[in-house]
Every structure is written in structure tokens, then in C-alpha cells.
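Notes for the structure review
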Amino acid sequence: FCTAVETCVGSNITFADTIGNNSDTTINVDHNLGTRDVIVQLYDISGGTPTYATINADIRRSTVNRVQVITNTAITTNGARIIITKVA
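As a starting point, this report considers the structure included with it. From a predicted model like this one, the values you see are computed outputs, not experimental measurements.

A short note on the sheet that holds strand 1 (residues 14–19)
Spatial strand order, 1-6-3: three strands in an open sheet with antiparallel pairing. Of all strands in the sheet, those with a lone pairing partner are strand 1 and strand 3 (38–44), marking the two edges. Direction aside, neighbouring strands of the sheet carry axes that sit 15° apart on average. Across seven bridges, the pairing between strand 3 and strand 6 (residues 80–86) is antiparallel.

Shown next, in the form of C-alpha cells:
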């Protein structure tokens, strides 16, 4: 069972990266998962004291391989972690 789960988890169903540049309120993230059927989560990792709290943003699934993260204020440089999970 464990081997099967490890194989599945490693089979291109998730993507994670650090985002933010302290100026843009729209950030394109290429995940290359081949579908718009994805769940997107963001959380704070900014500064010397990150909160690790969820960041609320508008998410647009602009292509099958890209999402756009849209916020009211710019995310600080490398201030957020994005996790994208393929669901279908």
C-alpha cells in the first residue's frame, strides 16, 4: 500500500512554489498539471515572523497549465507559499 501511495503522490498531481515580488498584484504561476481542475492554496511565509495563515486571493485558471493569483495588495518578495493540487 505505501509503495502505491508514494508512486501516486510522485506522479505529477501536486505543485508547490514560493511567490511574491513586493510589487505585482497579479502573479502568473505555471504548474504544468494539464488541467483547470485544481485546488489552489496560499499561505504566509513572509518576513522574520511568518504567520503561516491562509492568504485569501482571487484565483483564475487561465490555462490548463497556469493559474493567476490576484490580490488587493502585493505579496512581499517570496512572502507566500502556493500549493496547487490536481483533482481531476
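Anyway, onward from the coordinates.
Let's talk about unusual backbone geometry
Although it is not a glycine, tyrosine 52 sits at a positive phi angle of roughly 60°. For tyrosine 52, the position within the fold is in the loop between strand 3 and strand 4 (58–63). With relative accessibility at 55%, the residue tyrosine 52 sits in the exposed group.

Observations regarding the packing of aromatic side chains
What the rule picks out here adds up to one aromatic pair. Where tyrosine 43 meets tyrosine 52, the ring centres are 6.5 Å apart and the plane angle is 40°; that geometry is what we call tilted. A relative accessible area of 27% places tyrosine 43 in the partly exposed class.

Remarks on the pairing of strand 5 (residues 66–70)
Consecutive side chains of a regular strand alternate in pointing toward one face of the sheet and then the other. Strand direction decides the pairing type here: strand 2 (residues 26–30) and strand 5, joined by five bridges, are antiparallel. By the bridge assignment for strand 5, valine 29 is matched with valine 67. For strand 4 and strand 5, the ladder comprises four bridges, and the chain directions are antiparallel. Looking across to strand 5, one finds that threonine 63 is bridged to arginine 66. Hairpin connection between strand 4 and strand 5: a loop of two residues separates the two successive antiparallel strands.

So, how was this worked out
- Residues numbered from 1 in each chain as written.
- Predicted model: local features only at pLDDT ≥ 70, side-chain atom pairs only at ≥ 80, totals over all residues.
- Heavy atoms only, no water.
- Pairing = 2+ DSSP bridges.
- Helix = DSSP H or I, 4+ residues; strand = E, 2+ residues; numbered from the N terminus.
- Axes fitted to C-alpha atoms, helices over the stretch in contact; angles between N-to-C directions.
- Buried < 20%, exposed > 50% of the residue type's maximum accessible area, 1.4 Å probe, protein only.
- Phe/Tyr/Trp six-rings, centres within 6.5 Å; stacked < 30°, edge-to-face > 60°.

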